[in-house]
Amino acid sequence: MRENMLAVGTVKLNGMDEKFNQHTGMMQSKVKHHYAGDIEAESCFECLSFSANANSGNFVGLEYLTGRIGNRRGGFILQHVGSIKSGKSESTLNVLTGSGTGELAGIKGYGRCTWSDIGGQVSQVLLEYHFD
């Protein structure tokens, strides 16, 4: 029987590069994050977003984290699917099967990430995970 574990922490924005496509209305972003708490990691997040108006939007992206969860070190990829509403961003997270490296090989999981306001510097992250 596998043991489910829970990681809770924060994510801090460390840099961003955005490109807006006027033809499609989509924004392509490359973002650097620093995770602290139960997950200690650096990451590169690439996402596409679309906003029909200033108060709402949707985004999808992949984020590669390298660092530590618990006492294991390595890397893995998180898939984000999220929305932006009235200055708050929420995304569901899924660990991509087969993406774990090093001591994080075999990691599987899901969670959520919440930014309290757009442009804010720190968010909350929750990840439930296990190893096969």
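Placed above this text is the structure.
Note that this is a predicted model, so its numbers are computed, not measured.

### Here we look at the side chain of H130
And then number 1: For H130, the location among the structural elements is in strand β9 (residues 122-131).
And then number 2: For H130, the side chain forms a polar contact with the side chain of N4, separated by 3.5 Å.
And then number 3: Sequence-distant contacts of H130, that is, excluding residues within four places in its chain, are made with R2, E3, N4, M5, G106, I107 and K108.

### Some thoughts on the nonpolar core
And then number 1: With 23 residues, the main nonpolar core has Y35, I39, I69, F76, L78 and L127 as its most contacted residues.
And then number 2: Filtering out sequence-adjacent residues up to four positions away, L78 remains in contact with Y35, G61, L62, E63, L65, L93, N94, V95 and L127.

### Quick notes on the environment of E40
And then number 1: Among the structural elements, E40 can be located in strand β3 (residues 39-53).
And then number 2: Given the relative accessible area of 32%, E40 is considered partly exposed.
And then number 3: As a C-alpha pair, E40 and F76 span 36 residues in sequence and 13 Å in three-dimensional space.
And then number 4: Filtering out sequence-adjacent residues up to four positions away, E40 remains in contact with H34, Y35, T66, G67 and R68.
And then number 5: A polar side-chain atom of E40 sits 3.2 Å from the main-chain amide nitrogen of G37.

Parameters at a glance
- Residues numbered from 1 in each chain as written.
- Predicted model: local features only at pLDDT ≥ 70, side-chain atom pairs only at ≥ 80, totals over all residues.
- Heavy atoms only, no water.
- Helix = DSSP H or I, 4+ residues; strand = E, 2+ residues; numbered from the N terminus.
- Polar contact = N/O pair within 3.5 Å; in protein donor to acceptor, adjacent residues only side chain to side chain.
- Contact = heavy atoms within 4.5 Å.
- Core = buried A, V, L, I, M, F, W, Y, C linked by side-chain atoms within 4.5 Å.
- Buried < 20%, exposed > 50% of the residue type's maximum accessible area, 1.4 Å probe, protein only.

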